[in-house]
Amino acid sequence: MPTFLFDQTIFGPVISRRLGVSLGINLLPNDSKLCSFDCIYCECGWNPQKGSVKAVFPTRITVERLLREKLEEMKKEGSLPDVITFAGNGEPTMHPEFPAILDDTLRIRGEICPNARIAVLSNSTMLHKPKVVEALRKVDDNILKLDSGISETIRVLDQPVGIFDLVKVVQNLKQFNGSQIIQTMFIRGSFEGTQIDNTTESELVAWIALLREIQPKSVTIYTIARDTPSNDLFKVSVDELEKIALRVKVETGLEVQVSG
């Protein structure tokens, strides 16, 4: 299926089904995806072949200038965003200057739109870096991916690049002491002959056990809404998502947001 890339460093604003009016910051290249996962459902498509594209990150100075210009323009129009969201063409915390850029963003937010939240959509793979963890502690919505409680399922769904250790990821997620939001994609289908369904009883039991261990501030569950690079994937119904949310609330006491 056709997918798309964010071709600007500052993009939007867009209406997010989870966050409201969101102004996006893409810290990855504008012409290719760069991620430590290669999720089979990613709206940005597949990672490029190794060595085929030279990754060019936007500089800290460029991000600061473009963000300030866009927010000042929005302020003049009387349409400031509800949230400034680090997202885009891959994993934002891979940018070598992510902590400093986040500090710049917090400062600019305070000057121009102090009521806006700062959100980061991350796949949780860079949490072994103390500076990334320190930076994420500063954001209002620290949204971290956990698509399954079973390593084999994550390997199929998220296609980690390099070594992936779910036990270590969970330990790293626990560093935030209940200030983080866990985000999970529920999906069905097949990929390269492997059947996929992370809504089964065994999947839910394992995932809920990890939620109970991590004890996040809240959980967001959703399903595919746009084209995916793999053709044989299917949405999970909102009714099913609501049932999963209710089960999480009953079994863990955590608040759950459903995005169909």
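What comes next concerns the included structure. (Residues numbered from 1 in each chain as written. Predicted model: local features only at pLDDT ≥ 70, side-chain atom pairs only at ≥ 80, totals over all residues. Heavy atoms only, no water.)

Scanning all chains against the criterion turns up five aromatic pairs. Between Trp46 and Phe191, the ring centres sit 5.9 Å apart and the planes meet at 40°, which makes this aromatic pair tilted. You can see Trp46 sitting in the loop between β2 (20-26) and α1 (60-77) and its partner Phe191 sitting in strand β7 (residues 188-191), a full 145 residues away along the chain. For Trp46, a relative accessible area of 36% puts it in the partly exposed group. (Phe/Tyr/Trp six-rings, centres within 6.5 Å; stacked < 30°, edge-to-face > 60°. Helix = DSSP H or I, 4+ residues; strand = E, 2+ residues; numbered from the N terminus. Buried < 20%, exposed > 50% of the residue type's maximum accessible area, 1.4 Å probe, protein only.)

Attention now goes to the environment of Arg155. Relative to the helices and strands, Arg155 is located in helix α4 (residues 151-157). For Arg155, a relative accessible area of 39% puts it in the partly exposed group. Each C-alpha atom of the pair Arg155 and Leu166 lies 9.9 Å from the other, and the pair is 11 residues apart in sequence. Not counting residues within four places of it along the chain, the set of residues in contact with Arg155 comprises Pro160 and Phe164. There is a polar contact of 2.9 Å between the side chain of Arg155 and the backbone oxygen of Phe164. (Contact = heavy atoms within 4.5 Å. Polar contact = N/O pair within 3.5 Å; in protein donor to acceptor, adjacent residues only side chain to side chain.)

Glancing now at the pairing of strand β3 (residues 83-87). By the criterion of burial, β3 is predominantly enclosed, with five of the five residues buried. Both faces of β3 are covered, namely the face carrying Val83, Thr85 and Ala87 and the face carrying Ile84 and Phe86. Both β2 and β3 contribute to a ladder of five bridges, which runs parallel. Across the sheet, residue Leu23 finds its bridge partner in β3, namely Ile84. Strand direction decides the pairing type here: β3 and strand β4 (residues 117-122), joined by four bridges, are parallel. Paired with Thr85 across the strands is Ala119, a residue of β4. (Pairing = 2+ DSSP bridges.)

What follows covers the nonpolar core. Counting 71 residues, the largest nonpolar core has Tyr41, Leu71, Phe86, Trp207 and Ile221 as the members making the most contacts within it. Sequence-distant contacts of Ile221, that is, excluding residues within four places in its chain, are made with Thr184, Phe186, Trp207, Leu241, Ile244, Ala245, Val256, Gln257, Val258 and Ser259. Counting five residues, the second-largest nonpolar core is a separate cluster that includes Val83, Ala119, Ile143 and Ile181. (Core = buried A, V, L, I, M, F, W, Y, C linked by side-chain atoms within 4.5 Å.)

Let us now look at the side chain of Gln183. One can find Gln183 in strand β6 (residues 180-185). Its relative accessible area of 7% is what places Gln183 among the buried residues. A polar contact of 3.4 Å, which involves the side chain of Gln183, links it to the side chain of Tyr222. When sequence neighbours within four positions are dropped, the list of residues in contact with Gln183 reads Arg18, Leu121, Ile143, Leu144, Lys145, Leu146, Asp147, Thr220 and Tyr222.

On to the sheet that holds β3. Read across the open sheet, the eight strands follow the order β1-β2-β3-β4-β5-β6-β9-β11; overall the sheet is mixed. A strand with exactly one partner marks an edge of an open sheet, and here the two such strands are β1 (10-16) and β11 (255-259). Here the average twist between neighbouring strands, direction ignored, is 25°. Where α1 meets the sheet, it contacts β1, β2 and β3, and its direction lies at approximately 50° from that of β1. (Axes fitted to C-alpha atoms, helices over the stretch in contact; angles between N-to-C directions.)

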